[in-house]
Amino acid sequence: MSDFNNRPQIEVLSAADGDRRRYWSDDDKLRIVEESFIGHRQAAATARRHGISRSLLTTWL
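If you're wondering where the values come from, they're calculated on a predicted model, not measured in any experiment.

What follows concerns helix α2 (residues 26-37). Between its first and last C-alpha atoms α2 spans 17 Å; for twelve residues at 1.5 Å apiece the expected length is 16 Å, and the two agree. On its buried face, α2 sits against α3 (43-50) and α4 (54-60). Looking one or two residues beyond α2, the residue adopting positive phi is glycine 39, at roughly 60°.

Okay, structure coming up:
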């Protein structure tokens, strides 16, 4: 029984604890993709500004 007291605590996380999946309208996607082509900006920098992954941005292209 003493072995049970020495075990580390386990934290259980559920999907409800995290951020919900966001929905991007076609207009939002188009605006972000167009922004990634403006000037010398990189797709990764544009994706970071909008809080999305670069791979998601490239699937919208």
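Still to come is the rest of the account.
The next subject is the pattern of salt bridges. The final tally for this structure, using the stated rule, is two salt bridges. For arginine 31, the salt bridge identified is with aspartate 28, shortest N-O distance 3.6 Å. Of this pair, arginine 31 and aspartate 28 are both found in helix α2, three residues apart, which corresponds to roughly one turn of the helix. With a relative accessible area of 42%, arginine 31 lands in the partly exposed category. Aspartate 28 sits in the partly exposed class, given a relative accessible area of 27%. Where arginine 49 meets glutamate 35, a salt bridge forms, and the shortest distance between an N and an O atom there is 3.1 Å. Of this pair, arginine 49 sits in helix α3 while glutamate 35 sits in helix α2; the two residues are 14 residues apart in sequence, bridging distant segments of the chain. A relative accessible area of 46% means that arginine 49 is categorised as partly exposed.

Relative to the assigned elements, serine 36 resides in helix α2. The class of serine 36 is buried, set by a relative accessible area of 10%. For serine 36, the side chain forms a polar contact with the main-chain oxygen of valine 33, separated by 2.6 Å.

So, about the nonpolar core. Grouped together as the largest cluster of nonpolar side chains are seven residues: Trp24, Ile32, Val33, Ala47, Ile52, Leu57 and Trp60. The set of elements that each furnish at least two residues to this core consists of α2 and α4. Every residue in contact with tryptophan 24, bar those within four places of it in the chain, is listed here: Lys29, Ile32, His50, Ile52 and Trp60.

Reading guide: rules and limits
- Numbers given for residues are sequential positions, taken from 1 along each chain in its written order.
- The predicted origin of the model limits local features to residues at a pLDDT of at least 70 and limits the giving and counting of side-chain atom pairs to 80 or more, whereas totals for whole chains, interfaces and linings rest on all residues.
- Water and hydrogen atoms play no part in the side-chain values, which are based on all heavy atoms of the structure.
- For helices the rule is a DSSP run of H or I covering at least 4 residues; for strands it is a run of E covering at least 2, with both sets numbered from the N terminus onward.
- By definition here, a helix of n residues has an expected span of 1.5 Å times n minus one.
- What makes two residues a contact is simply this: any of their non-hydrogen atoms within 4.5 Å.
- Take a side-chain nitrogen of Lys or Arg and a carboxyl oxygen of Asp or Glu: if they are within 4 Å of each other, that pair is a salt bridge.
- Buried, partly exposed and exposed residues are distinguished by accessible area as a fraction of the type maximum, computed with a 1.4 Å probe on protein chains only: under 20%, between the cut-offs, and over 50%, respectively.
- Any N or O atom pair separated by 3.5 Å or less is treated as a polar contact, with the protein-specific requirement of one donor-capable and one acceptor-capable atom, and with residues adjacent in sequence counted only for side-chain atom pairs.
- The criterion is simple. A nonpolar core is a set of buried Ala, Val, Leu, Ile, Met, Phe, Trp, Tyr and Cys residues joined through side-chain atoms within 4.5 Å.

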